[in-house]
Amino acid sequence: MELALRCDKKIPASICYTAADCRNILPQKPIQTFFMVITFRINYHTQWGETIGVEILNTNETVILSTADGELWEGSHQIADNVKGALKYRFCVFVDDERTRVERGNCQHVLTLPEDTNAKSILLVNDAWRDLPACNYLFSSAFSGDFQVDGTSTPEAPSPLSSITLRVLSPCLHQKGLKLGIVGGSESLGEWKKPLVFTEILPNQWELTLDLYQLEGNSEYKFVAVDTRKCTIVEWEEGENRRLYVPQLDQHIHYFTPERELYLPSTLQKIAGTAVPVFSLRTEGSQGVGDFGDLKKMIDWAVKTGQRALQILPINDTTMTGSWIDSYPYKAISIYAFHPMFVDLRQVGPLSDSTKEQKYQKTFRQLNALTEIDYESVNKAKRDYLRLAFREKGEEMMQSKEYKDFYRKNEDWLIPYAAFSVLRDKYNTADFNTWPELSTYNADEVRKFCTSGGEGHQGFAYYCYIQYLLHRQLLDASQYARENGVILKGDIPIGVSRHSVEAWYEPYYFNMNGQAGAPPDAFSTTGQNWGFPTYNWDVMRQDGYLWWKRRFAKMAEYFTAYRIDHILGFFRIWEIPIHSVQGILGQFSPSLPMTKDEIESYGLKFDKYFMTRPFINDEILARVFGGDADYVRTTFLQHSHYDVWSLRPEYATQRDVLNWFNREGGRKHNAEYIRDGLYTLIDNVLFVPDNKESDKYHPRITAFESLIFERLNANERQNFMRLYNHYYYERHNEFWYKTAMEKLPELLEAEPMLPCGEDLGMVPDCVPWVMNELQILSLEIERMPKDPKHEFGHVWEYPVRSVCTIGTHDMSTFRGWWKEDAQQTSRYYHNVMCRGGNVPEDAPGWVCEDVVRRHLNSPSLLAILALQDWLAIDEKLRLPNVEKERINVPANPKHYWRYRMHISIESLLRQDAFNEKMKGMIGESGRA
């Protein structure tokens, strides 16, 4: 392997540059305060009309390069004498003065300006276009850690008259306390014994300047990792020796090589971890629900078993009603504030009143002894305790420098959140539209309400106090994870509640006349209606997606990796009309609806009345309602003609029917059956009008399963399916690709966390295009294969850039799935596990272990398994009641999220045989 100091074959190996060569490229203009010239060279094959430029980030200047052949681009720029240290820049493409493409990623090009102030100095920089490093995940904070380096530092030795600077991108060294080095066969390169050490000028970006006149030509060398404390080489790169060619340069020319990527063998690693909600954690001292203090003990268990990742569910405040309905963690009232129930009261300290303290401790012990979370009792007890603690200690804490720093840094979101919480409590509702005061956010009035002497001041201070406690405790757990080499992976929900702080004080970012959800899938045959408002992406684009960047920045304070919930929402969201309850009448937004002429071009005669309104006749009524058909006719329908009926105006929508059910449901024994049947009638259409252009249409999702589809003749069905498949699987790919690429690159570059996408459901082809291009880790689940030809995913074929798991929080655990469908389980047992004989009725420990091992041995970078699936290996340790292992049932929008570990983490830490077995399995799979 060679390191020829050139971009490519267009610059010969025997390099010879004079000052005149470089200055001839420089535009003729008078030199005033400039002292140095930098010449950029890059090979880039351009199309007609394209021009290459260099954006210098330090000075916000752009240098336009020129070319003679459309391949080799070059240009020079004068550097002002006030520009010192590390110069950051990136290449971009222009067409007619408009930037059409720019290098992506956080690893910008960088070089250190030499301390040679001679006005004749010239920097000759050879480069190559680079979007993301080949293993970009290794440059994330999950693998390389969070740290800063002083990019302005310069070598102690004086700058040589002429030099060669090697530039290398090499991750994960700083985290190990190591530095990059080079050692070679010549005396100037240490004779294979004494390495020359690079300087880390930016995180994971290394630079070494060599004196041209001290080098010997054509020397062999290798890159190494160096422990500078012991002056020893601890790791060598693999492969053949590299070769250093020394160019011929005039004095005062400083040559910079193209940046190259280097991955030492120890950096290429795979990781195992556990997924568990914070609320599910159980320690001997927790207060009936998992808290941020319990995270540290969970990290201890991860370290003990050789795991290096801990994944949690969203932890934001969801308090709207004060009831168990608020247990749904994906319906937050704030994208910043954490849920008060996660405060670890042990870190708050005891109350001064010992009688009250003992009373609360007794209550907490009782709540902690429950097998599941009693959400309402836990939250009431913890909040009451926190109010007493606030009265005793809050004012003193809020006078501390640490609290004031926290408040100052977070006041943009903290003030609206705390005020919202006070008003919610005052009016017993989070629906701010119904508040008698401040239903529309007014910053001046809110500050007046919350400041000292204002009506809401005490409550405002209380909620700020709680958020400070949560911040401090989560930051402590996060730092503990970093110190122990454990990736703490958070979760960013795709939506927020329509009764949230953000919808109140930043309403312009949302479309409140629609509801976000998901089309029908394996989780729910009628789709999912999350009830969230959809995003106004046009407004978000205008300020550079600042709303999302602030959200990511808050996450990065605590997490080194994150799961993007429903990443498909960045391509398009399933938008459901506000009058719908189920998700089946939704449409993708943005999308390309079809005109009448387009529909008819598929050989399908478009009849607006028949195809876009619910079709109801006597046959359908009999099939849907049986003996209740007459009741439905007389109560909900009006006669149209012949045996055809239509819905009465007061029952024309699913929301109308739901209102009837809420009024009358208790008085009719089969009201739920009637309600769902009416939903089916309302869904019985072939096309849904576009919500912006009423003369355009979308084929109704899964319309081929509808009753009206049966009314079509064979030819019409065939034509409809051609249209349907084109619309949902072909029509939007390029359109949605561009939609996602407008947002995601900018957001991913905002913070150094490792991005992982939840790409399940109805996934268009463009999603893997974008995820591969941006190196977002995909989610791989054996029970939900990406290839529709397979019943089960091929674990051994998973991509490296992926997170593999046996199941998510929205699915049954493996043991639960094993009992759901005997025929499917039999196929899995015989065809996937390659076992013979009878299928065990319950999944025994050895079956669960086999499944875990196959996932650990997959190529996936991360194998993060649910805690329940880890414990399933041990038949004595796992939860006896498999039904109690499930966390969520997506088909039920009012599911009670209350799963909790059945043993304490302290007890889990004492399970030596199980822990050693886990550690051995992880080590054998190469994930230690």
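Description of the structure in this document. (Residues numbered from 1 in each chain as written. Predicted model: local features only at pLDDT ≥ 70, side-chain atom pairs only at ≥ 80, totals over all residues. Heavy atoms only, no water.)

Our focus in this paragraph is the pairing of strand β26 (residues 528–535). Among the 8 residues that make up β26, 8 are buried, leaving the element largely enclosed by the rest of the structure. Judged from the 5 bridges that link them, strand β25 (residues 510–518) and β26 form a sheet pairing that is antiparallel. Looking at the pairing, A518 lines up with Q528 of β26. (Buried < 20%, exposed > 50% of the residue type's maximum accessible area, 1.4 Å probe, protein only. Helix = DSSP H or I, 4+ residues; strand = E, 2+ residues; numbered from the N terminus. Pairing = 2+ DSSP bridges.)

Within the largest apolar cluster, 210 residues are counted, with the highest numbers of intra-cluster contacts made by W548, F687 and F814. The biggest single contributor to this core is helix α9 (residues 457–483), with 13 residues. Not counting the four nearest positions on each side in its chain, F814 is found in contact with R783, I806, Y828, A843, V847, C848, V851 and D869. Grouped together as the second largest cluster of nonpolar side chains are 27 residues, C135, F523, L779 and L861 included. (Core = buried A, V, L, I, M, F, W, Y, C linked by side-chain atoms within 4.5 Å. Contact = heavy atoms within 4.5 Å.)

A separate point is the sheet that holds strand β24 (residues 487–492). The 8 strands lie next to each other as β35-β27-β24-β23-β22-β38-β37-β36, forming an open sheet whose pairing is parallel. Where the open sheet ends on each side, the last strands, each with one partner, are β35 (754–757) and β36 (778–781). For this sheet, the mean angle separating the axes of adjacent strands, direction not counted, is 25 degrees. With 3 bridges connecting them, strand β22 (residues 271–275) and strand β23 (residues 309–311) associate as parallel partners. (Axes fitted to C-alpha atoms, helices over the stretch in contact; angles between N-to-C directions.)

Attention shifts here to unusual backbone geometry. Only a minority of non-glycine residues have a phi that is not negative, and only a minority of peptide bonds are not trans. Here S589 and P590 are connected by a cis peptide whose omega angle stands at 0 degrees. Within the element layout of this structure, P590 appears in the loop between β29 (587–589) and α13 (596–600). Phi is positive for L438, which is not a glycine, with a value near 55 degrees. Along the polypeptide, L438 turns up in the loop between α7 (401–427) and α8 (443–450). On the basis of relative accessibility, which here comes to 16%, the residue L438 falls in the buried class. Even without a glycine there, the phi angle at C834 is positive, about 55 degrees. Accessibility expressed as a relative area gives 62% for C834, which makes it exposed.

Summarising the element assignment, A302 is placed in helix α3 (residues 292–304). As a C-alpha pair, A302 and V624 span 322 residues in sequence and 52 Å in three-dimensional space.

It is worth spelling out the packing of aromatic side chains at this point. On inspection of all chains with the given rule, the structure shows 75 aromatic pairs. Measuring from centroid to centroid gives 6.0 Å for F814 and Y828, while their planes differ by 55 degrees, and the two rings are tilted. Within this pair, whereas F814 is found in helix α22 (residues 814–818), its partner Y828 is found in helix α23 (residues 822–832), the two being separated by 14 residues in sequence. Per residue, the accessibility class of F814 equals that of Y828, and both read buried. Over the ring of W537 we find K743, and its NZ or CZ is 4.5 Å from the ring centre. (Phe/Tyr/Trp six-rings, centres within 6.5 Å; stacked < 30°, edge-to-face > 60°. Lys NZ or Arg CZ within 6 Å of the ring centre and 35° of its normal.)

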